[in-house]
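Chain and residue survey
The lines below spell out each chain.
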Amino acid sequence: MNSPQSVHAWDEPPGIAPRGTLVLLPGRGEHGGVYERFGRRIAADGYRVRALGDAALDPDAVLDEAAKLLRDETLPGPRVLVGADTGALYAAQLAAHGTPGLDALILAGLPAAPHATATARDWEDELDQRTACPTHRGKLSSDAALRRGALADTPPAELPALDGIFLPVLALHGADDTVSPLPDARRAYGALPGVELVSLAGTRHDALNDLTHRTAAATVVLFLERLRLSPDRGRHALAPIATREDLA
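So, here's what we can say about the structure. Along each chain, residues carry numbers from 1 onward, in the same order as the chain's sequence is written. In view of the model being predicted, local features appear only for residues whose pLDDT reaches at least 70, and side-chain atom pairs are presented and counted only at 80 or more, with totals across whole chains, interfaces and linings using the full set of residues. Heavy atoms throughout the structure, all of them, feed into the side-chain values; hydrogens and water do not.

Overview of the side chain of Ser-180
Definition in use: Labels follow the DSSP assignment, with helices taken as runs of H or I lasting at least four residues and strands as runs of E lasting at least two, numbered in each case from the N terminus. Throughout, a contact is declared for two residues whenever any of their heavy atoms are within 4.5 Å.
Secondary-structure assignment places Ser-180 in the loop between strand E6 (169-174) and helix H6 (182-189). Here Ser-180 is in contact with Leu-110, Pro-111, Ala-112, Ala-116, His-173 and His-205, once residues within four sequence places are set aside.

What follows is the structure, given as structure tokens:
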């Protein structure tokens, strides 16, 4: 059984210089191992990934561990906090509180309203609301550490005042999310000038682990590369990495 304090880690391949660190907070009922596919893909591009446990089970312990990792000078920067589902609420809280060592924020499947819960009648219904990816559905169904039914729980943390976050923010949200519908997310993110909101077509609530998981990971890597190139990592400081030119 995975404890709330357990850390899953994925590092860059041998011979590759590390390019930064992601600290990931999973969502309701999840643990860090749920994000193995995402962690391995991001690590292959040179970024270290540290995925923690469900903060809803022990908020103080998990958030203390996240803050400790963000302050850890042995981990390469930039250091970015990633939150999925209710993990996004906790990640936003840490950012709003000015947690030291935090350079940017990635929020996926943010529960944008207090009623952002699953309405599943059984496990198959919950799976349908989480993801359409057959590989991820199989992983969740065979995972004895996953808390089934947790997605129906009321989000344990409130959405902080997003206008108090002065960091680059990437938001990923499923266009077909029925747990936290995209229009609710758009309204919530409207309070955060400079946020980059990417809606993923054909994607449900598990925005990092659905059929579009490759697109989600590629979007994250592009964001990280722009962050690395930015001399000042303020809210509007992300650097472009390419310019599209019309040669016609």
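Looking at unusual backbone geometry
Residues Gly-77 and Pro-78 are joined by a peptide bond in cis, for which omega reads 5 degrees. Topologically, Pro-78 is positioned in the loop between helix H2 (59-71) and strand E4 (79-84).

Observations concerning the packing of helix H1 (residues 36-44) against helix H7 (residues 213-229)
Put simply, the test is: Note on geometry: axes are C-alpha line fits, over the in-contact stretch for helices, and angles between N-to-C directions span 0 to 180 degrees. Oblique is the label for every angle not falling under 35 degrees (roughly parallel), over 145 degrees (roughly antiparallel), or within 65 to 115 degrees (roughly perpendicular). Throughout, a crossing is termed right-handed when the near helix is turned clockwise from the far one, and left-handed when it is turned anticlockwise from it by less than a right angle. Each residue is assigned to one class: nonpolar for Ala, Val, Leu, Ile, Met, Phe, Trp, Tyr, Cys and Pro, charged for Asp, Glu, Lys and Arg, and polar for all the others, Gly among them.
Interhelical geometry of H1 versus H7 gives an angle of 40 degrees and a closest axis separation of 10 Å. Classified by the angle their axes make, H1 and H7 are oblique. Crossing angle aside, the handedness with which H1 passes H7 is right-handed. Counting all contacts with H1, which are made through Arg-37, Phe-38, Arg-41 and Ile-42, the residues of H7 involved are His-213, Arg-214, Ala-217, Val-220, Val-221 and Leu-224. Grouping the amino acids of the contact of H1 with H7 by side-chain chemistry returns six nonpolar, one polar and three charged.

Topic: the packing of helix H4 (residues 123-130) against helix H5 (residues 134-141)
Packing of H4 against H5 leaves a shortest axis separation of 10 Å and a crossing angle of 140 degrees. Taken as axis vectors, H4 and H5 run oblique relative to one another. You can see that H4 and H5 cross each other, and the crossing is right-handed. Contacts between H4 and H5 involve Trp-123, Glu-124, Leu-127, Asp-128 and Arg-130 from the first element and Arg-137, Leu-140 and Ser-141 from the second.

Here's the deal with the environment of Asp-54
How we decide: Polar contact is defined as a pair of N or O atoms within 3.5 Å, subject to the rule that within protein one atom must be able to donate a hydrogen and the other to accept it, and that residues adjacent in sequence are counted only when both atoms are side-chain atoms.
Topologically, Asp-54 is positioned in the loop between strand E3 (47-51) and H2. Asp-54 sits 145 residues away from Ser-199 along the chain, and the two C-alpha atoms are 24 Å apart. A polar side-chain atom of Asp-54 sits 2.9 Å from the main-chain amide nitrogen of Ala-56.

Description of the sheet that holds E3
Selection rule: When DSSP finds two or more bridges between a pair of strands, those strands are recorded as paired.
Read across the open sheet, the seven strands follow the order E1-E3-E2-E4-E5-E6-E7; overall the sheet is mixed. Each of the sheet's edge strands pairs with one partner strand only, and the pair in question is strand E1 (8-10) and strand E7 (196-200). On average, each strand axis in the sheet is inclined to that of its neighbour by 15 degrees, with strand direction left out of account. Here five bridges tie E6 to E7, and the two strands are oriented parallel to one another. Note on E7: the bridge partner recorded for Gly-174 is Leu-200. Across the sheet, H1 touches E1, strand E2 (20-25) and E3, and the angle it forms with E3 is around 160 degrees. Contacting E2, E3 and E4, H2 crosses the sheet at an angle of about 175 degrees to E2.

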